[in-house]
Amino acid sequence: MVHQQSSQARLSPSGDTEDIVALLAPRLAHFAGVARTEHVTRAAQEMNVPQSTLSRALVRLEEDLGVDLFVRRGRTLALTVAGRTFLGSVERALAEVERAADEVRADADPATGKVAFGFLHTMGAETVPGLLHAFRADHPRVRFSLVQNYGEAMLERLRAGELDLCLTSPVPDAPDLVARRLDEQKLRLVVPADHRLAGRRRIRLAEAADEVFVTLEPGYGLRRITDALCKEAGFRPKVAFEGEEAETLRGLVAAGLGVALLPPPAVPRPGVVELTVTAPRAAREIGVAWLAGRTDTPPVAAFKKFLLSRRGHLLPS
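The shown structure was predicted, so the numbers you read here are calculated from the model rather than taken from an experiment.

### Considerations on the nonpolar core
Taken as a class, soluble globular proteins show a tendency for nonpolar side chains to be buried jointly. Phe-117, Phe-144, Leu-165, Leu-167, Phe-303 and Leu-307 are the most contacted members of the largest nonpolar core, which has 34 residues in total. Sequence-distant contacts of Phe-144, defined by excluding residues within four places in its chain, comprise Lys-114, Val-115, Phe-117, Leu-132, Phe-135 and Phe-303. Listed in part, the 31 residues of the second largest apolar core include Leu-205, Ile-225, Leu-229 and Leu-249.

In structure tokens:
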């Protein structure tokens, strides 16, 4: 295809990649359609676009690239060497776009779509499996991508668009997030079975001021709650071990390495005794959070509605 010199500047090889993509992307499907039929009129009919629009798109594409993609042979077109090279990459790119479009449409399907759901490690053994079982009674084909992490990490993944919803504690208060309190979970002081306090059923936290604590690492919500409760009880905890998972801490307590403030276990663990804390009030709020202003897909909206309906009875009794 022969062109007059255009007054418009062609794309520079060193041009910004995003600018090039934005300029070329709308014309790639037109180019692929003509390359497939080798005929502008037939391609225009198949693609349901005016022939003049298609012809102009091809001319502009060649001008933008600075190379001829077609040569004319009567009423038909044939790809040049450059055109064949370009077509291979264009077809792969369009196929990938089509695959991605199919995937996101499937994820948004009301019956079979997907929910990216984050939750605390302590919710994983019993709470979340129970929630999913109950939800899928009415939505049996909705799929889930499950992420277990500590609170701050999940909130960052919410902000990055990697999660739709998350169960976390403390309930976040941030302008870019929406959060709703769902339930409250009492915390217990967990001590070794042979500990001096093991014969007790209840305890004031101040009575553990001289104990060595095992806790989650700084940045975890339960660690902040532990520090705040100890401060309210009049002491700063002496921390010997820091971990990333509550059941690991319970194991450390069973080994006699310290005491810990923890939520109840899914299954009672031998080697420890769990004491009710009478003062200060030891509990953590559990809430669901999502990104403000984000439009939910139908499966996400359904699961969000389900979680909110569980307010006050989210946790196993």
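### Description of the pairing of strand 4 (residues 143-148)
Pairing between strand 3 (residues 114-119) and strand 4: 6 bridges, direction parallel. Paired with Val-115 across the bridge in strand 4 is Phe-144. Since strand 3 and strand 4 lie parallel, the crossover through helix 5 (residues 127-135) that links them has a hand, and here it is right-handed.

### Side note on the packing of aromatic side chains
Here the structure, examined in full by the defined rule, presents 11 aromatic pairs. Where Phe-213 meets Phe-235, the ring centres are 6.1 Å apart and the plane angle is 40°; that geometry is what we call tilted. Placement of the pair is Phe-213 in strand 9 (residues 212-216) and Phe-235 in the loop between helix 7 (221-232) and strand 10 (238-243), with a sequence separation of 22 residues. With respect to class, Phe-213 is no different from Phe-235; both count as buried. An aromatic cluster of three or more residues is present, and its members are Phe-117, Phe-119, Phe-135, Phe-144, Phe-303 and Phe-306.

### Observations concerning the side chain of Gln-185
Structurally, Gln-185 can be placed in strand 6 (residues 177-186). Excluding anything up to four places from it in sequence, Gln-185 contacts Met-123, Pro-263, Pro-264, Ala-283, Arg-284, Ile-286 and Leu-315.

### Let's talk about the sheet that holds strand 13 (residues 283-291)
With respect to topology, 5 strands assemble into an open sheet ordered 4-3-5-13-6, the strand pairing being mixed. With one partner strand each, in any of the chains shown, strand 4 and strand 6 form the two edges of the open sheet. Taken over all neighbouring pairs, the strand axes of this sheet differ in orientation by 20° on average, direction set aside.

### Some points on the domain arrangement of the protein
Segmenting the protein into domains produces domain 1 (17-108), domain 2 (114-182 + 286-310) and domain 3 (188-281). Spacing between the C-alpha centres of domain 1 and domain 3 amounts to 65 Å.

### Observations regarding the pattern of salt bridges
Counted by the stated rule, this structure contains 23 salt bridges. A salt bridge links Arg-281 to Glu-184; the shortest N-O distance between them is 2.4 Å. Of this pair, Arg-281 sits in the loop between strand 12 (272-279) and strand 13 while Glu-184 sits in strand 6; the two residues are 97 residues apart in sequence, bridging distant segments of the chain. Residue Glu-184 is classed as partly exposed on the basis of its relative accessible area of 26%. Taking the shortest distance from any N to any O, the salt bridge between Arg-223 and Asp-227 comes out at 3.2 Å. You can see Arg-223 and its partner Asp-227 sitting in helix 7, 4 residues apart, about one turn around the helix. Since its relative accessible area comes to 11%, Arg-223 is described here as buried. Judged by its relative accessible area of 31%, Asp-227 is partly exposed. When salt bridges that share partners are traced, they join Arg-181, Glu-184, Arg-281 and Glu-285 into one network.

Cut-offs and rules
- Residues numbered from 1 in each chain as written.
- Predicted model: local features only at pLDDT ≥ 70, side-chain atom pairs only at ≥ 80, totals over all residues.
- Heavy atoms only, no water.
- Core = buried A, V, L, I, M, F, W, Y, C linked by side-chain atoms within 4.5 Å.
- Buried < 20%, exposed > 50% of the residue type's maximum accessible area, 1.4 Å probe, protein only.
- Contact = heavy atoms within 4.5 Å.
- Pairing = 2+ DSSP bridges.
- Helix = DSSP H or I, 4+ residues; strand = E, 2+ residues; numbered from the N terminus.
- Right-handed = clockwise from strand over helix to strand, strands pointing away.
- Phe/Tyr/Trp six-rings, centres within 6.5 Å; stacked < 30°, edge-to-face > 60°.
- Axes fitted to C-alpha atoms, helices over the stretch in contact; angles between N-to-C directions.
- Domains from an automatic or database assignment.
- Salt bridge = Lys/Arg side-chain N within 4 Å of Asp/Glu carboxyl O.

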